[in-house]
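The lines below spell out each chain.
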Amino acid sequence: MSMPFYVSPDQQMKDRADYARKGIARGRSVVVLQYDDGILFVADNPSRALHKVSEIYDRIAFAAVGKYNEFENLRLVGVRYADVNGYMYHRSDVTSRGLANFYAQMLGTIFTEQNKPYEVELVVAEVGQDAATDQIYRLTFDGSVADEHGFVAMGGQAEAVAEALKERYRDGLGLAEALRAGVQALEQQDPDRHFEAKALEVAVLDRNREHRLFRRLTPARIEQLLTEAVQAEGGPESAAPDSAAAEDGQAGDEGGATGDGGTDPGQADG
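Below or above, wherever it landed, is the structure these notes cover.

Thresholds applied
Residues numbered from 1 in each chain as written. Predicted model: local features only at pLDDT ≥ 70, side-chain atom pairs only at ≥ 80, totals over all residues. Heavy atoms only, no water. Helix = DSSP H or I, 4+ residues; strand = E, 2+ residues; numbered from the N terminus. Buried < 20%, exposed > 50% of the residue type's maximum accessible area, 1.4 Å probe, protein only. Areas by Shrake-Rupley, 256 points an atom, 1.4 Å probe, with all protein chains shown as cover. Pairing = 2+ DSSP bridges. Axes fitted to C-alpha atoms, helices over the stretch in contact; angles between N-to-C directions. Contact = heavy atoms within 4.5 Å. Salt bridge = Lys/Arg side-chain N within 4 Å of Asp/Glu carboxyl O.

**Thoughts on the overall build of the protein**
- From N to C terminus, the protein includes 8 helices and 10 strands.
- Counting all 270 residues of the protein, 49% fall into the buried class.
- Just so you have it, the protein exposes about 13,300 Å², and 49% of that area is on carbon and sulfur atoms.

Shown next as structure tokens:
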């Protein structure tokens, strides 16, 4: 008769944590940073359908790295949570803090009670009336929550990206400067790689909009902003943006749609 195999609870938790961290590190990075008019999201993501950054509610957005089917499930649950609470109470009662606590409970339960933890890391962000009232919460696979300020880097070589952001970030950056800082930080993972606009997913929570504050930036608008940032630094001009981008960037930006496309549930974001 074979003896039952025993693994201590401490070892089980360690093995699950190591498994989740490895899965997250295989994904492409996302950076989230504050700028003078709101919160900016920059993701290494060439897909136009499988989003890593999405709107959750009026002033709240969601960014994730890791396994796509797992964080997409969390996004959908978060949208339902926000819609139900906004309908039952008031739209102002839906907050990033409440959503972060909701996600923390879900992730913590999954981590402790299921055989396989979610291979995800999340940011829930809410733009305030000014930079001092912006809220950015980072959630890890085990349900831990951190209240972040300034910037966050997740996924891939997150430590190298965060170190690069630390050197480039300062309070009160304009949108073009913040975008360039985010892209340069992502490029630290591979010094030989230069990101083209079409290889990036970029969105903002813009506090100057009246209702739905989330909007995506088109590749043309991204290229225009990066060109502006280079010119402001006095560096060599990059290729001129096409005529569509030369017009007011607001018109070229996409709205805050949350309808993301599907994918093979076994695919990771990377």
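**Quick notes on the sheet that holds strand E10 (residues 214-216)**
- Strand order in the open sheet formed by 5 strands is E8-E1-E2-E9-E10, and the pairing between neighbours is antiparallel. Strand pairing shows two members of the sheet lacking a second neighbour, strand E8 (151-154) and E10, which therefore form its edges. For this sheet, the mean angle separating the axes of adjacent strands, direction not counted, is 15 degrees.
- Most of the contacts of helix H4 (residues 158-168) go to E8, to which it runs at about 160 degrees, and overall it touches strand E1 (30-35) and E8.

**Some points on the pairing of strand E3 (residues 53-57)**
- With 5 of 5 residues buried, E3 lies mostly within the body of the structure.
- Hairpin connection between E3 and strand E4 (residues 60-66): a loop of 2 residues separates the two successive antiparallel strands.

**Digging into the sheet that holds strand E7 (residues 145-148)**
- With antiparallel pairing, the 5 strands of this open sheet are ordered in space as E3-E4-E5-E6-E7. Edge strands, defined here as strands with exactly one partner in the open sheet, are E3 and E7. Strand-to-strand twist in this sheet, taken as the mean axis angle between neighbours without regard to direction, amounts to 25 degrees.
- Inspection of the sheet shows E4 paired to strand E5 (residues 120-126) by 7 bridges, in the antiparallel sense. By the bridge assignment for E5, Ala64 is matched with Leu122.
- Sheet contacts for helix H2 (residues 68-88): E3, E4 and E5; angle to E3, the most-contacted strand, approximately 20 degrees.

**Details of the pattern of salt bridges**
- As enumerated under the stated definition, the model contains 19 salt bridges in all.
- The closest approach of N and O atoms between Arg207 and Asp134, which form a salt bridge, is 2.9 Å. Taken as a pair, Arg207 in the loop between strand E9 (200-206) and E10 and Asp134 in the loop between E5 and strand E6 (135-139) lie far apart in primary sequence, 73 residues in all.

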